[in-house]
Amino acid sequence: MSEESAQELRNRQAKFTSELHGEEIGSKSGLKALLSKNKAAQQQAVAKYLRHWDGKTDEEAEQRRLEDYNEATHSYYNVVTDFYEYGWGSSFHFSRFYAGESFTASVARHEHFLAYKAGIKAGDLVLDVGCGVGGPAREIARFTGANVIGLNNNDYQIAKAKYYAKKANLAGQLDFVKGDFMNINFEPATFDKVYAIEATCHAPKLEGVYGEIYKVLKPGGVFAVYEWVMTDKYDENNPEHRKIAYEIELGDGIPKMFPAEVARKALKTVGFEILHDEDLADNDDPVPWYYPLTGEWKYVQTVSDLATFFRTSYLGRMFTTTMVTVMEKVGIAPKGSRDVTLALEEAAVGLVAGGRSKLFTPMMLFVAKKPEN
Ligand SMILES: CC(C)=CCC[C@@H](C)[C@H]1CC[C@H]2C3=C(CC[C@]12C)[C@@]1(C)CC[C@H](O)C[C@@H]1CC3
Ligand SMILES: C[S@@+](CC[C@H](N)C(=O)[O-])C[C@H]1O[C@@H](n2cnc3c(N)ncnc32)[C@H](O)[C@@H]1O
């Protein structure tokens, strides 16, 4: 895409964001934010989302999503962000659980672990690729003392990330910028470390995003990523396997789920030396990473998790869908809100099936180094 048309796209997305979410982004979150949107714009947002994520899984539909990855993910996150915050919090990723560990402690530990593996330390300049609303960036900045810049192509999430950083008194250590990770707009060799949490799976081609990360890292710099991939057990020609991958793609706004080997090769192709390569989901953890989406109460670890668990469980999700359907019917919630909850339901089903069968992992950890010379 030429610089001019990329700028046009950025302007159009920014204008649409302020029409959709209004100017005071941040002070409201979750379902409260959903209800205070401009209804006509929200209807348009859902239509844009459904145009890309229409349930079609043929090659032509897949190709269209790969080509239009930027608008497709932008529209996906325009409509799901409030639901994510309502159901999950402000870190949009999975994590491992120790027995007795609370949901929030486990999420933070997963972020600390990545920072530790990347070797992030006080004073480092770090890039968070696909930063969401900045949950991990806030935690990693606090944990390490580093300065973190979050990169994101979604204007709504950037505005929220800035609001939360200010509220947490971290504005001096954090910044959030709009940009496409397939074309990162920083000078080469700018960052000491780069990390990405469950974000680069939105790329149409992993060499593209990894190559851009390689470019902006200083020589000797480290990139650590929790990648969403299909595992070595996955067989693209097995219809049962492909169904699970499709559900994950459609429900989670991903143009194409790649196997782990594709990610590994892409890292090497762009020049990285892989220091660590491990599927953190491939273990005998007594509490599986996907437990909040299973509806199995036996896994709940602390009383404080009961409310979160209800919202993420099958029963809670049905409750949300019913509530949103009624609100949409009586005109309180914007048209299309119900469709979004149904797509998220598909995501939950696919993720649990992928997790149980170990065909999918959301935590393929790669730690990779840009050689010194
Ligand atoms: C999309 C990528 C690459 C990562 C996001 C991972 C998770 C944070 C989300 C995946 C599916 C999401 C769902 C919800 C929250 C965020 C996820 C777990 C809900 C529980 C939010 C509340 C809704 O009512 C149901 C959602 C189901 C899916
Ligand atoms: C599942 S969220 C994870 C967010 C964050 N890493 C976290 O753990 O909370 C994926 C993020 O990637 C961002 N993203 C997707 N495609 C992108 C692109 N082409 N350029 C920049 N960011 C992108 C989304 O806007 C979203 O913030």
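Residues numbered from 1 in each chain as written. Chains lettered and ligands numbered in written order. Predicted model: local features only at pLDDT ≥ 70, side-chain atom pairs only at ≥ 80, totals over all residues.

Some thoughts on the site of ligand 2
Alright, step 1. Taken together, 23 residues sit near ligand 2, with Phe92, Gly130, Gly132, Ala199 and His202 positioned nearest.
Alright, step 2. Among the elements that take part in the shell around ligand 2, helix 5 (residues 69-87) stands out by supplying three residues, more than any other.
Alright, step 3. Taken together, the residues that form the shell around ligand 2 break down as nine nonpolar, 12 polar and two charged. (Near = placed C-beta within 6 Å. Helix = DSSP H or I, 4+ residues; strand = E, 2+ residues; numbered from the N terminus. Nonpolar A, V, L, I, M, F, W, Y, C, P; charged D, E, K, R; others polar.)

Overview of the UniProt feature "domain: SAM-dependent methyltransferase Erg6/SMT-type" (unreviewed entry) in the chain
Alright, step 1. In the numbering adopted here, UniProt assigns the feature "domain: SAM-dependent methyltransferase Erg6/SMT-type" (unreviewed entry) to residues 76-371.
Alright, step 2. Within residues 76-371, the helical portion is 44% and the strand portion 18%, while the C-alpha atoms at the span's ends are 36 Å from each other. (UniProt positions renumbered as here; feature names shortened; annotations may be inferred.)

Things to note about the sheet that holds strand 5 (residues 217-230)
Alright, step 1. A sheet is described by the order of its strands in space; here seven strands give the open sequence 3-2-1-4-5-7-6, paired in mixed fashion. With one partner strand each, in any of the chains shown, strand 3 (174-178) and strand 6 (273-279) form the two edges of the open sheet. When strand polarity is set aside, the average angle formed by the axes of neighbouring strands in this sheet is 20°.
Alright, step 2. Both strand 6 and strand 7 (residues 360-369) contribute to a ladder of six bridges, which runs antiparallel. The residue bridging Asp279 from the neighbouring strand is Met364, located in strand 7. (Pairing = 2+ DSSP bridges. Axes fitted to C-alpha atoms, helices over the stretch in contact; angles between N-to-C directions.)

Let's talk about helix 9 (residues 206-216)
Alright, step 1. The complete set of buried residues in helix 9 reads Leu206, Val209, Tyr210, Glu212, Ile213, Tyr214 and Val216.
Alright, step 2. Packed against the buried residues of helix 9 are strand 1 (125-129), strand 4 (191-197), strand 5 and helix 11 (260-269). (Buried ≥ 20, exposed ≤ 12 C-beta atoms within 10 Å, placed from the backbone. Contact = placed C-beta atoms within 7 Å.)

Regarding the packing of helix 5 against helix 14 (residues 337-356)
Alright, step 1. Their axes nearest at 10 Å, the elements helix 5 and helix 14 cross at an angle of 75°. On the basis of the axis angle, helix 5 is roughly perpendicular to helix 14. Residues Val79, Val80 and Phe83 of helix 5 form the contact with helix 14, whose participating residues are Val340, Thr341 and Leu344. (Parallel < 35°, antiparallel > 145°, perpendicular 65-115°, else oblique.)

Side note on unusual backbone geometry
Alright, step 1. Of note, Asn169 is a non-glycine position whose phi angle comes to about 60°, a positive value.
Alright, step 2. Relative to the helices and strands, Asn169 resides in the loop between helix 8 (155-167) and strand 3.
Alright, step 3. A residue is classified by how many C-beta atoms lie within 10 Å of it, and Asn169, with 8 of them, is exposed.

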